[in-house]
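So you can see what is in the structure, the chains are spelled out below.
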2 protein chains.
Amino acid sequence: MDRLTQIEVFVKTAELGSLSRAAEVLGMSNAAASRHLAALEERLSARLIERNTRRLWLTEAGQEFLQRSSAVLNELTDAEEAINARTLSPTGLLRVTSSLSFALIYLAPMLPAFRALYPKLNVHIAAANRYPDFIEAGIDVAIRTRLHEPDTNIIVRRLGRMRRVLAASPAYLERCGMPKEPADLTRHDMLVYNLAADPFSLRLTKGDIERIVRISGALDSNDGQIIREAALHGLGILIQPLYIVQGDIEAGTLVPVLLDWDLPMLTMNIAYQNRVQLPAKIRVFTDFLVNYVRKNSSSQIWAG
Amino acid sequence: MDRLTQIEVFVKTAELGSLSRAAEVLGMSNAAASRHLAALEERLSARLIERNTRRLWLTEAGQEFLQRSSAVLNELTDAEEAINARTLSPTGLLRVTSSLSFALIYLAPMLPAFRALYPKLNVHIAAANRYPDFIEAGIDVAIRTRLHEPDTNIIVRRLGRMRRVLAASPAYLERCGMPKEPADLTRHDMLVYNLAADPFSLRLTKGDIERIVRISGALDSNDGQIIREAALHGLGILIQPLYIVQGDIEAGTLVPVLLDWDLPMLTMNIAYQNRVQLPAKIRVFTDFLVNYVRKNSSSQIWAG
DNA sequence: CGGTCTTTTCCACTAGGCGGAAAAATTGGA
DNA sequence: TCCAATTTTTCCGCCTAGTGGAAAAGACCG
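In this text, all values refer to a predicted model and were calculated from it rather than measured experimentally. (Residues numbered from 1 in each chain as written. Chains lettered and ligands numbered in written order. Predicted model: local features only at pLDDT ≥ 70, side-chain atom pairs only at ≥ 80, totals over all residues. Heavy atoms only, no water.)

For the rest of this paragraph, the subject is the sheet that holds strand 8 (residues 190-193) of chain B. The strands making up a sheet are joined through hydrogen bonds of the backbone, oriented either antiparallel or parallel. Residues and elements named next belong to chain B. The strand order across the open sheet formed by five strands is 11-8-12-7-13, and the pairing between neighbours is mixed. Since the sheet does not close on itself, it has two edges, and those belong to strand 11 (217-221) and strand 13 (255-257), each with one partner. Sheet twist, expressed as the average angle between the axes of neighbouring strands with direction ignored, equals 35 degrees. Each of strand 8, strand 11 and strand 12 (237-241) is contacted by helix 8 (residues 224-232), which is oriented at about 170 degrees to strand 8, the strand it contacts most. Strands strand 7 (164-168), strand 12 and strand 13 of the sheet are contacted by helix 9 (residues 242-251), whose axis makes an angle of about 120 degrees with strand 12. (Pairing = 2+ DSSP bridges. Helix = DSSP H or I, 4+ residues; strand = E, 2+ residues; numbered from the N terminus. Axes fitted to C-alpha atoms, helices over the stretch in contact; angles between N-to-C directions. Contact = heavy atoms within 4.5 Å.)

The phi torsion at Ser-45 of chain A lies on the positive side, around 50 degrees, for a residue other than glycine. Relative to the helices and strands, Ser-45 of chain A is located in the loop between helix 3 (30-44) and strand 1 (49-51).

Here the focus is the protein's contact with DNA strand C. Residues in contact with DNA strand C amount to 23 residues; listed here are only the nearest, Met-1, Thr-53 and Arg-54 of chain A together with Ser-20 and Arg-51 of chain B. For DNA strand C, the backbone makes up 65% of the atoms found within 4 Å of the protein, where backbone means sugar plus phosphate. At 2.3 Å from a sugar or linking oxygen of DNA strand C is found a side-chain nitrogen or oxygen belonging to Thr-53 of chain A. For the surface near DNA strand C, the secondary structure elements donating two or more residues are helix 3 of chain A together with helix 2 (19-26) and helix 3 (30-44) of chain B. (Near = heavy atom within 4 Å. Polar contact = N/O pair within 3.5 Å; in protein donor to acceptor, adjacent residues only side chain to side chain.)

Below, the discussion takes up the relation of the copies chain B and chain A. Rotating chain B by 180 degrees and moving it 0.1 Å along the rotation axis overlays it on chain A with an RMSD of 0.2 Å. Interpreted geometrically, this transformation is the action of a two-fold axis. Closest approach to the rotation axis within chain B is made by the C-alpha atom of Asp-2 of chain B, at a distance of 2.2 Å. (Least-squares fit on C-alpha atoms with pLDDT ≥ 70 in both.)

Another aspect to go through is the pairing of strand 3 (residues 92-98) of chain A. Residue and element names in this part refer to chain A. Taken together, the seven bridges between strand 3 and strand 4 (residues 121-127) define a ladder with parallel strand orientation. Across the sheet, Thr-97 pairs through a bridge with Ala-126, a residue of strand 4. Relative to strand 5 (residues 141-144), strand 3 is paired through two bridges, and the arrangement is parallel. The residue bridging Thr-97 from the neighbouring strand is Ala-142, located in strand 5.

What follows concerns the pattern of salt bridges. If charged atoms from side chains of opposite charge come close, those side chains can pair. All chains considered together, the criterion is met by 30 salt bridges over all chains. Where Glu-8 of chain A meets Arg-3 of chain B, a salt bridge forms, and the shortest distance between an N and an O atom there is 3.3 Å. Taken as a pair, Glu-8 of chain A in helix 1 (residues 3-16) and Arg-3 of chain B in helix 1 (residues 3-16) lie in two separate chains rather than in one. The closest approach of N and O atoms between Arg-203 of chain A and Glu-210 of chain A, which form a salt bridge, is 2.9 Å. Overall, Arg-203 of chain A belongs to the partly exposed group, its relative accessible area being 39%. (Salt bridge = Lys/Arg side-chain N within 4 Å of Asp/Glu carboxyl O. Buried < 20%, exposed > 50% of the residue type's maximum accessible area, 1.4 Å probe, protein only.)

Taken together, 23 residues form the shell around DNA strand D, and within it Ser-20, Arg-51 and Arg-54 of chain A together with Met-1 and Thr-53 of chain B come nearest. Each atom of DNA strand D within 4 Å of the protein was classed as base or backbone; sugar and phosphate made up 62%. Between a sugar or linking oxygen of DNA strand D and a side-chain N or O atom of Arg-54 of chain B, the distance comes to 2.8 Å. Arg-55 of chain B is positioned with one of its side-chain polar atoms (N or O) 3.3 Å from a phosphate oxygen of DNA strand D. Mapped by element, the contributors of at least two residues to the surface near DNA strand D are helix 2 (19-26) and helix 3 of chain A together with helix 3 of chain B. Per-class residue counts for the surface near DNA strand D are six nonpolar, eleven polar and six charged. (Nonpolar A, V, L, I, M, F, W, Y, C, P; charged D, E, K, R; others polar.)

Before going further, it helps to spend a moment on helix 2 of chain B. Residue and element names in this part refer to chain B. For helix 2, the complete set of buried residues consists of Leu-19, Ala-22 and Ala-23. Relative to the axis of helix 2, the buried residues are bounded by an arc of 100 degrees and lie together on one face. Of the residues in helix 2, the exposed ones pointing more than 90 degrees away from the buried face are Glu-24 and Val-25. Structurally, helix 2 contributes buried residues whose contacts are with helix 1, helix 3, strand 1 (49-51) and strand 2 (56-58). Its side-chain oxygen at 3.2 Å from the backbone nitrogen of Ser-20, Ser-18 defines the N-terminal cap of helix 2. Note on helix 2: the residue one or two positions beyond its end, Gly-27, has a positive phi of about 70 degrees. (Arc of directions from axis to C-beta.)

Attention shifts here to the UniProt feature "domain: HTH lysR-type" (unreviewed entry) in chain A. Sites flagged by UniProt as "domain: HTH lysR-type" (unreviewed entry) map to residues 1-59 of chain A. Along residues 1-59 of chain A one finds 63% helix and 10% strand; the C-alpha atoms at either end are 24 Å apart. (UniProt positions renumbered as here; feature names shortened; annotations may be inferred.)

Quick look at the packing of helix 8 (residues 224-232) of chain A against helix 9 (residues 242-251) of chain A now. All names here are of chain A. Where helix 8 meets helix 9, the axes come as close as 11 Å, and the angle between the chain directions of the two elements is 25 degrees. On the basis of the axis angle, helix 8 is roughly parallel to helix 9. Classified by chirality, the crossing of helix 9 by helix 8 is right-handed. Mapping the contact onto sequence places Gln-225, Arg-228 and Leu-232 in helix 8 and Ile-244, Val-245 and Asp-248 in helix 9. Per-class residue counts for the contact of helix 8 with helix 9 are three nonpolar, one polar and two charged. (Parallel < 35°, antiparallel > 145°, perpendicular 65-115°, else oblique. Left-handed = near helix turned anticlockwise from the far one by under 90°.)

So, on to the packing of aromatic side chains. The relation between two aromatic rings is expressed through the spacing of the ring centres and the mutual angle of the planes. Residue and element names in this part refer to chain A. If you walk through the whole model with that rule in mind, you get 14 aromatic pairs over all chains. Note on Phe-10 and Phe-65: the rings are 5.7 Å apart at their centroids and 40 degrees apart in plane angle, and the pair reads as tilted. With Phe-10 in helix 1 and Phe-65 in helix 4 (residues 60-88), this pair connects stretches of sequence that are 55 residues apart. Classification of Phe-10 as buried rests on a relative accessible area of 0%. Between Phe-114 and Tyr-118, the ring centres sit 5.2 Å apart and the planes meet at 50 degrees, which makes this aromatic pair tilted. Side by side, Phe-114 and Tyr-118 carry an identical accessibility label, which is buried. Members of the aromatic cluster, connected to one another through ring pairs, are Phe-114, Tyr-118, Phe-285 and Phe-288. (Phe/Tyr/Trp six-rings, centres within 6.5 Å; stacked < 30°, edge-to-face > 60°.)

With that settled, the discussion passes to the side chain of Asp-2 of chain A. Residue position: Asp-2 of chain A is located in the segment before helix 1. A distance of 2.5 Å separates a polar side-chain atom of Asp-2 of chain A from the backbone nitrogen of Arg-3 of chain B. Discounting residues that sit within four places of it in the chain, Asp-2 of chain A has contacts with His-36 of chain A together with Met-1, Asp-2 and Arg-3 of chain B.

Moving on, we come to the interface of chain B and chain A. Counting residues at the interface gives 43 residues for chain B and 43 residues for chain A. For the chain B and chain A pair, buried surface summed over both sides reaches about 3,900 Å², with 51% attributable to carbon and sulfur atoms. The tally of links from chain B across to chain A stands at eight salt bridges. A salt bridge links Glu-80 of chain A to Arg-43 of chain B, with the nearest nitrogen and oxygen atoms 2.7 Å apart. On the surface where chain B and chain A come into contact, there are 14 residue pairs in polar contact (both at pLDDT 80 or more). When contributions to the side of chain B that touches chain A are tallied by element, the ones reaching two or more residues are helix 1, helix 3, helix 4 (60-88) and strand 3 (92-98) of chain B. The element contributing the most residues to the side of chain B that touches chain A is helix 4 of chain B, with 16 residues. Of the residues that constitute the side of chain B that touches chain A, the class distribution is 17 nonpolar, eight polar and 18 charged. (Buried area = accessible area lost by both parts, 1.4 Å probe.)

Encoded structure:
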């Protein structure tokens, strides 16, 4: 027997002045209602409602318990509804990690619209370059180009594939010449993102032709913005996702090279912990991000 | 499944950091505890505790619900314990009705000691001469000389049998003479308590001799104190329970007559409503009164 | 890599709760 | 005063929900 049901029967009977009507409202038989009330009175060792077949009235103990237990029922209902509402309209804090570049170019511009939809949900973005220990770092969502190592507890969801580009400053190209073939890259200062898979081996294709070039890094870093800054200062030729440098290219401060050759795509993924009930905040954020990227993607930057 | 048990499992698990330990403390199997927690999470559509086989931690929803539901559990426990305590240490108001005489001579002197034992219980005494409608008048206990008419809802408990006495003022006796035989009473002014059974027919006995005398009432009333005041003013001979006039007799302001003749005893009863669980206040009051009368009874006034 | 420990799930069993109906009781109207 | 109507309580047979034990699954440490 559910103790809360016992109290509900008592409260409803006191309100309606009839066990039968309470039973009806609560969707149970008269017999069940009678038993629930009797069980409550036995548990409290007190008669809460004096009653005969014609009328009923609260005892003094019943009046006191009605006041206190009504309050308790209301508070519990509020608490349960509040928790339930969180599932439907998420609140609290969502901790996201991505590269600085992705944060600057995609997350930051996206957040105003996201926050307008979910004003009670705060988003904290940690710029980082490696997958975190989700639990230890308290991270809810990670956005990375690499795949997370196979893990039953982490779900990886593909965001999209991004094109990459080779580019250098005009000053560098004037000083060091424009590379005409992939093989020319071996004689150039290359700016390398060292967290990429096999970062010092470049594979370029043109139609059916494939060239694999081993490069040496005049500079390598785990941060795309550092790579970009180095390129802007004429330190060499960078290879990076187009989305990071498109603004520079449009501004003329970086010049793309070997444009007729294709570089391997970069797959961008969202990763989050596998949970029995995915918190609403993770669900709404990942759905929003996927939609945002889909809507704001040009075929220049994103492919399939 | 008891919903309160579900919450108790959740709260205890959060406190102890282990489902197994919560199960142990709450006296249930690990399987049962696991099911209770899962049922609560399903009911709220929210994960309250993230957990694996090594550790567990509260979600944000879980932290909020822990705070609120702990408070609710505490309040409910307080409420239930308060009601339970009432049964053991009664509080509130007890409504008693008795004759004015009985109230003045027995109840009022008794109350200080009773209240010392039960300081939280207030006693309200209504002087009245007839049995009330218990429910309508909100009366808990009635003390009366007459038997309540047979009623499954009213319990009648005997308090004791009281002696009665005939008495008049010295002035009246000097003026009208001292009655020597029961038959003499027909020529005297009698002061009659008209709520007695067959008040105008007196039955007196001396050993094996019985005399039945029909009297006429110079005055009759439903209040013993009025009868007593009339006697003190020389209006006639009264017949009343000895306890009412013993003080006057000892003071010499009333003189007993026909003392060698016995009058029928008066049975004093306590009546209260029959309830499935007798409220503690009725139980403690009636027990106290019975004991008080037993301890303060002289064989002059009370008999077996 | 295996052992230890915890959580979850499965399974067989049974205790408890159900609704319907009968019993008991109360009140009002004829 | 009696009977009908209505409510509360109790009984009974049925059924399912909840149980504990054990196995399965998983996590972490030595």
